[in-house]
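Understanding the architecture of this molecule
Spelled out, the chains give:
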Amino acid sequence: MRGTVVPMRAEYAREIALWRYPDELSFYDGSQEDVKELCAGGYFALVDGTALQGFYCFGPGARVPGYAYDGRFLDMGLGMRPDLVRKGLGLEFVRLGMAAARERFGERPLRLSVAAFNRGAMAVYGRAGFELSDAFVSPTGVSFYVMTQGKTGALTDISRPWAEGMRVYPGDPPFEAREIQRVEEQGYRLSEFRMGCHCGTHLDAPAHVFARGAGVDQAPLEALNGPAALVELPCLQSVPLGIRRVLIRDDSGRGLGLEQARFLLQRGVRLVGIDALSIGSGGEELAVHQTLLEAGCWILENLSLNGLEQGLYPLICLPLSLKGLEAAPARAALGERWGRLE
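Residues numbered from 1 in each chain as written. Predicted model: local features only at pLDDT ≥ 70, side-chain atom pairs only at ≥ 80, totals over all residues. Heavy atoms only, no water.

This brings us to the side chain of Asp-204. With respect to the secondary-structure elements, Asp-204 resides in strand β11 (residues 202-204). At 13 Å, Arg-160 is the nearest oppositely charged side chain to Asp-204, a buried residue that forms no salt bridge. At 3.4 Å, the side chain of Asp-204 and the side chain of His-202 are in polar contact. Setting aside chain neighbours within four positions, we find Asp-204 in contact with His-198, His-289, Leu-293, Trp-298, Ile-299, Glu-301, Glu-326 and Ala-327. (Helix = DSSP H or I, 4+ residues; strand = E, 2+ residues; numbered from the N terminus. Buried < 20%, exposed > 50% of the residue type's maximum accessible area, 1.4 Å probe, protein only. Lys, Arg positive; Asp, Glu negative; His and termini not counted. Salt bridge = Lys/Arg side-chain N within 4 Å of Asp/Glu carboxyl O. Polar contact = N/O pair within 3.5 Å; in protein donor to acceptor, adjacent residues only side chain to side chain. Contact = heavy atoms within 4.5 Å.)

Written out as structure tokens, the structure reads:
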């Protein structure tokens, strides 16, 4: 798709008012009442020569009633000409709009509000770098998702500090440290430490339970970083569709069960974290590891989640790239909470 983004004109607005979409997308059909809004400012048209390809909206006009928007993001709305829909042009159309936003408003993170039934649009937005960060219901009863580009704000460390005497999984090597050079003697300090790969906050890789599984150095960083839902066991039903990362506070000590692991996989989750020493416990502990890791869902264990409310947060997680090993220590942090869970 090609074109130039220009300020909205009355003739373009009148054409958009006549647009009619197929099937459930008729929700987006234009009307004569839209003409005045389209010409009121904040709207732009994508044109190729004299042909109107679609339109964009930036700012308050792109917001949907019923949600508590804040000023951290630039809101973006968009609409493609009906005969161009479902032709594989969506990603380029979104990217042209993002480029127009950068040109006019600078490098502000963007936010989209999309009707929950419009899964095709959500998939395209995901490929363009947006991820689900919240959900709400408009006054008309229509469910919407909010998708954003990353912005973390203040960070809360959710990894546990490594120190001698720290709690480890029964039978695992403990953390040990010793000083090799001393400031008082050599003028500088040099230390060494020893520990198991599963000591403290760490990421489990498929190699943990499969002989030919991928090592922790192969963990895709995009799977480990981005919007995450923080929930308490057993309230997994509150995990919204579209969330790829789930962090679990397990005050019960029961761990994740096999059916719960399968439920998260059905929702498309690619990272599951927990504040316990192991993601599972009892007779299903190994099966839970195998089920998640075989499906490409990475496991983050031994987090520190005390005092954090349930909700949607931006997650940063960076494990050591230990080539071929089955696990690695990880530093993890959450940004400011974006929203509550229903």
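In this structure, the second largest pocket spans a volume of roughly 230 Å³. Taken together, Arg-119, Met-122, Ala-123, Gly-126, Phe-130, Glu-131, Leu-132, Tyr-145, Met-147, Leu-241, Gly-242 and Arg-244 make up the lining of the second largest pocket. Where the lining of the second largest pocket is concerned, the elements lending two or more residues are α4 (119-127), β6 (131-137) and β7 (143-148). Classifying every residue of the lining of the second largest pocket gives 7 nonpolar, 2 polar and 3 charged. (1 Å grid on protein atoms, 1.4 Å probe; cavity = no way out; pocket = protein on both sides within 12 Å on 5 of 7 lines; lining within 4 Å. Points joined across faces, edges and corners; volume = space filled by probe spheres on them. Nonpolar A, V, L, I, M, F, W, Y, C, P; charged D, E, K, R; others polar.)

Moving on, we come to the pattern of salt bridges. Applying the stated criterion across every chain, the model contains 18 salt bridges. In this structure, Glu-192 and Arg-178 form a salt bridge, with 2.6 Å as the shortest nitrogen-oxygen distance. Of this pair, Glu-192 sits in strand β10 (residues 190-194) while Arg-178 sits in strand β9 (residues 176-181), and the two are 14 residues apart along the sequence. For Glu-192, a relative accessible area of 32% puts it in the partly exposed group. Of the charged contacts, one joins Glu-259 and Arg-262 as a salt bridge, the two residues approaching to 2.6 Å between their closest N and O atoms. Of the two residues, Glu-259 and Arg-262 are both situated in helix α7 (residues 258-266); the distance of 3 residues between them amounts to about one turn of the helix. The class for Glu-259 is exposed, based on a relative accessible area of 56%. Ionic contacts of the salt-bridge type, sharing partners, join the residues Arg-63, Asp-70, Arg-72, Asp-75 and Arg-111 into one network.

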